[in-house]
Protein chains: 2
Amino acid sequence: MLEIVTLGTGSAVPGLFRNHSSTALSHDGEITLFDCGEATQHQIQKVRLRHSKIRSIFISHVHGDHLFGLMGLLTTLSLNGRDIPLSLYGPEGLGEYVAFNLRFIRGDLFYPLHIHEFRGGEIFDLGPQAEVHVVELKHSIPTYGFLYREKEKPGKFDVEAASRLKIPPGPLYGRLQRGEPIEWEGRTIRPEEVLGPPREGIAVGYALDTEPCKGTHYLAKNSQVLIHDATYKDEDKRHARRGKHSTHGEAISLALKHGVKQLILTHFSQRYLEFFQNESRDGLEIIYAYDGMRLVL
Amino acid sequence: MLEIVTLGTGSAVPGLFRNHSSTALSHDGEITLFDCGEATQHQIQKVRLRHSKIRSIFISHVHGDHLFGLMGLLTTLSLNGRDIPLSLYGPEGLGEYVAFNLRFIRGDLFYPLHIHEFRGGEIFDLGPQAEVHVVELKHSIPTYGFLYREKEKPGKFDVEAASRLKIPPGPLYGRLQRGEPIEWEGRTIRPEEVLGPPREGIAVGYALDTEPCKGTHYLAKNSQVLIHDATYKDEDKRHARRGKHSTHGEAISLALKHGVKQLILTHFSQRYLEFFQNESRDGLEIIYAYDGMRLVL
């Protein structure tokens, strides 16, 4: 199961109802975190996700509202006894940042932390489930978007085909479903005899913080679900240009143009206290995120 | 008015009910902050204190649970348009820590930040209201306690004496109360003619994180109100020794020995989920702090 949990949906300064940026992508129970603003570890607790399930953290850029929760989360994982590895991905210099801060607090992490710095264009393999493509965006400092691509999944199990082959329901079904050939009544049965065609995985794009640019088009074109900067309302477009952010309307146009199925708007300026109303437009589901929102894909 | 607000009362890792260490001392509306664990700026919002009222921040030691909210708070003050100075006091190296982190996020503060590093023994003048004495404590890394001493206050206004001198109630009372001589019916009236003897200010001690040591005795001896490390219950004393913390009983004995009036216990290990019961013992008021607790002195 693939689930998006928006942990923090505000920009720049925290408010009582919107924390700094962070979004969790929980995939069959393993969590990938995009950005880690201050108090992200608190938000994770509040929504009852488990810190221990985090496998990878991606930092889009090094502004404080996307970064200042990182050291706290890394040290909490260690204090909680983590011993399995954690992968951290971020812009150049992030390794030095972590090293400096750990040295300063005289802290050690008691688990392996693998740091991967990127400059855009890289594809990182997260194991059997997914890979992440790093894409350059356009903000006031070097900033990157992410395309989280679920890997191809085995086809649906065809029970009728299996019963025609006289395979009894039970563990043999499971082995075939997992792609293993089995021996049955003196012959080898290959998985493709009982499975439909491989199914394409879902792709989730993440574009924070950014103006409309080549990178956002690439992400929109290649994802069914797009999490996008929507710092400002359209009437405040001048602020969006000055801060190098996007407006609600800019994100919506982009998603419509590329046939995105679900658009999650986030990173709202704290100047807006109103409730934004979700809507559907030409087959696009437009979702205004709030802290703690969960969306099963 | 002097008011203590315990913003975070847990140790090491944040829990749903106890955040990392921070305590605000609000003195006639101006706030001095002791320690600044992650999400301290959030706690300040929750208790409806105003960030803009912070004048000074003291960091006791550079463990993450006392420090990781600092950069977020400093940058939020700037984003909120602060232009008045802020004083930051902390152990050696804190200036470099702030400079490195600001450089890394490409951030500037748009208000004057005055950083004072200490090694113990210093007395810092906070202006007309108070001074803070820095005292060395005993923890796993260099750690310092603070004695916040309210300065001597003018004596009580003696209305009878003023009416004997035929001074009419009104603005003249105020000027005398503030220590100014006035001219009335052809003669000079000095404040001491209508004010009682100067009143000694209150002293508040802050001793986190520490084992019992010379410094904690000094703080207890010189304060009416003592905020003290109480990470462990007495039955877990072995953990206190290993982590170089104090137990509830150790803090209470210390306060009793030196005639402290109010003892505020805090920095509780997250292993304890129970509610600790306040009590009085031999004239000592023992107060178990919780996040958001306010105590007017």
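Residues numbered from 1 in each chain as written. Chains lettered and ligands numbered in written order. Predicted model: local features only at pLDDT ≥ 70, side-chain atom pairs only at ≥ 80, totals over all residues. Heavy atoms only, no water.

1. Concerning the overall build of chain A
Across its full length, chain A carries nine helices and 17 strands. Here chain A holds 297 residues, and 58% of them are scored as buried. Split by element, the accessible area of chain A, about 12900 Å² in all, is 51% carbon and sulfur. Between the averaged position of the 35 positive side-chain charges in chain A and that of its 37 negative side-chain charges there is a distance of 1 Å. (Helix = DSSP H or I, 4+ residues; strand = E, 2+ residues; numbered from the N terminus. Buried < 20%, exposed > 50% of the residue type's maximum accessible area, 1.4 Å probe, protein only. Areas by Shrake-Rupley, 256 points an atom, 1.4 Å probe, with all protein chains shown as cover. Lys, Arg positive; Asp, Glu negative; His and termini not counted. Charge placed at Lys NZ, Arg CZ, Asp CG, Glu CD.)

2. Concerning empty space enclosed by the protein
Following the criterion strictly, the structure yields two cavities of 30 Å³ or more and no others. By volume, the largest cavity amounts to about 70 Å³. Taken together, Phe68(A), Met71(A), Tyr97(A), Asn101(A), Phe68(B), Met71(B), Gly72(B), Tyr97(B) and Asn101(B) form the lining of the largest cavity. Its residues assigned to classes, the lining of the largest cavity comprises six nonpolar, three polar and no charged. Computed from the structure, the second largest cavity encloses a volume of approximately 50 Å³. Along the walls of the second largest cavity sit Glu30(A), Thr32(A), Arg55(A), Ser56(A), Leu126(A), Gln129(A) and Tyr148(A), which together make up its complete lining. Counting only elements with at least two residues in the lining of the second largest cavity, the list comes to β3 (30-34) and β4 (54-58) of chain A. Split by residue class, the lining of the second largest cavity holds two nonpolar, three polar and two charged. (1 Å grid on protein atoms, 1.4 Å probe; cavity = no way out; pocket = protein on both sides within 12 Å on 5 of 7 lines; lining within 4 Å. Points joined across faces, edges and corners; volume = space filled by probe spheres on them. Nonpolar A, V, L, I, M, F, W, Y, C, P; charged D, E, K, R; others polar.)

3. Details of the sheet that holds strand β7 (residues 123-125) of chain B
Residues and elements named next belong to chain B. Taking strand neighbours across the sheet as the criterion, the eight strands line up as β7-β8-β9-β12-β13-β14-β16-β15 in an open arrangement whose pairing is mixed. If you trace the sheet from one side to the other, it starts and ends with β7 and β15 (279-281), each paired once. Going from strand to strand, the sheet's axes swing by 20 degrees on average, the running direction of each strand aside. Of the pairings in the sheet, the one linking β15 to strand β16 (residues 284-288) comprises three bridges and is antiparallel in character. Directly across from Arg281, in β16, lies its bridge partner Leu284. (Pairing = 2+ DSSP bridges. Axes fitted to C-alpha atoms, helices over the stretch in contact; angles between N-to-C directions.)

4. Some thoughts on the packing of aromatic side chains
The relation between two aromatic rings is expressed through the spacing of the ring centres and the mutual angle of the planes. Scanning all chains against the criterion turns up 37 aromatic pairs over all chains. Relative to Tyr206(B), the ring of Phe34(B) has its centre 5.0 Å away and its plane inclined at 25 degrees; by these criteria the two rings are stacked. Taken as a pair, Phe34(B) in strand β3 (residues 30-34) and Tyr206(B) in strand β12 (residues 203-207) lie far apart in primary sequence, 172 residues in all. Of the two residues examined, Phe34(B) and Tyr206(B), each falls in the buried class. Members of the aromatic cluster, connected to one another through ring pairs, are Phe34(A), Phe58(A), Tyr89(A), Phe118(A), Phe124(A), Tyr144(A), Phe146(A), Tyr148(A) and Tyr206(A). (Phe/Tyr/Trp six-rings, centres within 6.5 Å; stacked < 30°, edge-to-face > 60°.)

5. Details of the interface of chain A and chain B
Across the contact, 38 residues belong to chain A and 39 residues belong to chain B. Interface area for chain A against chain B, summed over the two sides, is near 3100 Å², with a carbon-plus-sulfur share of 66%. Viewed at the interface, chain B and chain A are joined by zero salt bridges. Along the contact surface separating chain A from chain B lie nine residue pairs in polar contact (both at pLDDT 80 or more). Residue assignment for the side of chain A that touches chain B shows that the elements contributing at least two residues are α1 (40-46), α2 (64-67), α3 (70-79) and α4 (94-104) of chain A. Of the residues forming the side of chain A that touches chain B, the biggest block, six residues, is contributed by α4(A). Across the side of chain A that touches chain B, the residue classes break down as 17 nonpolar, 16 polar and five charged. (Contact = heavy atoms within 4.5 Å. Buried area = accessible area lost by both parts, 1.4 Å probe. Salt bridge = Lys/Arg side-chain N within 4 Å of Asp/Glu carboxyl O. Polar contact = N/O pair within 3.5 Å; in protein donor to acceptor, adjacent residues only side chain to side chain.)

6. As for the sheet that holds β3(B)
Residue and element names in this part refer to chain B. In space, the seven strands of this open sheet follow the order β6-β5-β4-β3-β2-β1-β17, with mixed pairing throughout. Edge positions in the sheet fall to β6 (113-118) and β17 (293-296), since each has one partner strand and no second. Sheet twist, expressed as the mean angle between neighbouring strand axes with direction ignored, is 15 degrees. Looking at chain direction, strand β1 (residues 2-8) and strand β2 (residues 22-27) are connected through six bridges and run antiparallel. In the strand pairing of β2, Val5 is matched with Ala24. Sheet strands touched by helix α3 (residues 70-79): β3, β4 (54-58), β5 (86-91) and β6. Its angle to β4, the strand with the most contacts, is close to 160 degrees.

7. Digging into the side chain of Glu250(A)
Following the sequence through the fold, Glu250(A) ends up in helix α9 (residues 248-258). Dropping the residues within four chain positions of it, Glu250(A) is found in contact with Pro212(A), Asp234(A), Lys237(A), Arg241(A) and His245(A).

8. Some words on the pattern of salt bridges
Residue and element names in this part refer to chain B. Enumeration over the complete set of coordinates arrives at 36 salt bridges over all chains. With a closest N to O distance of 3.0 Å, Arg187 and Glu193 form a salt bridge. Here Arg187 falls in the partly exposed class, since its relative accessible area comes to 37%. A salt bridge links Arg190 to Glu192, with the nearest nitrogen and oxygen atoms 3.4 Å apart. You can call Arg190 partly exposed: its relative accessible area is 42%.

9. Concerning the packing of α3(A) against α4(A)
Residues and elements named next belong to chain A. Put simply, α3 and α4 touch, their axes get as near as 11 Å, and they point 65 degrees apart. By crossing handedness, the relation of α3 to α4 is classed as right-handed. From α3, Leu70, Met71, Leu74 and Thr75 reach across to α4, where they touch Leu94, Tyr97, Val98, Asn101 and Leu102. Taken together, the residues of the contact of α3 with α4 break down into seven nonpolar, two polar and no charged. (Left-handed = near helix turned anticlockwise from the far one by under 90°.)

10. Overview of the confidence of the model for chain A
In the predicted model, chain A carries a mean pLDDT of 95, and the fraction of residues at 70 or more is 100%. Predicted complex metrics record ipTM = 0.90 and pTM = 0.91. (pLDDT = per-residue confidence, 0-100.)

11. Focus on the relation of the copies chain A and chain B
Turning chain A through 180 degrees and shifting it by 0.0 Å along the axis lays it on chain B, with an RMSD of 0.1 Å. Within this description, the copies of the chain are treated as partners about a two-fold rotation axis. Relative to the rotation axis, the C-alpha of Ala39(A) is the closest in chain A, positioned 2.7 Å from it. In this assembly the copies share their binding face: 100% of the residues contributing to the interface of chain A also contribute to that of chain B. (Least-squares fit on C-alpha atoms with pLDDT ≥ 70 in both.)

12. Examining α4(A)
Because an α-helix packs 3.6 residues into every turn, residues spaced three or four apart end up facing the same way. Residues and elements named next belong to chain A. Of all eleven residues making up α4, eight are buried, and the element is well covered by its neighbours. If you check which residues of α4 are buried, you get Leu94, Gly95, Tyr97, Val98, Phe100, Asn101, Leu102 and Phe104. Immediately beyond the C-terminal end of α4, within one or two residues, lies Arg106, with a positive phi of roughly 55 degrees.

13. Overview of helix α7 (residues 214-221) of chain B
All names here are of chain B. Buried residues of α7: Gly215, Thr216, Leu219 and Ala220, and no others. Viewed end-on, α7 has its buried residues packed into an arc of 135 degrees, placing them on one side of the element. What points out from α7, more than 90 degrees from its buried face, is the exposed set Lys214 and Lys221. Next to the buried residues of α7 lie β8 (130-136), β9 (144-150), β12, β13 (225-229) and α9 (248-257). (Arc of directions from axis to C-beta.)

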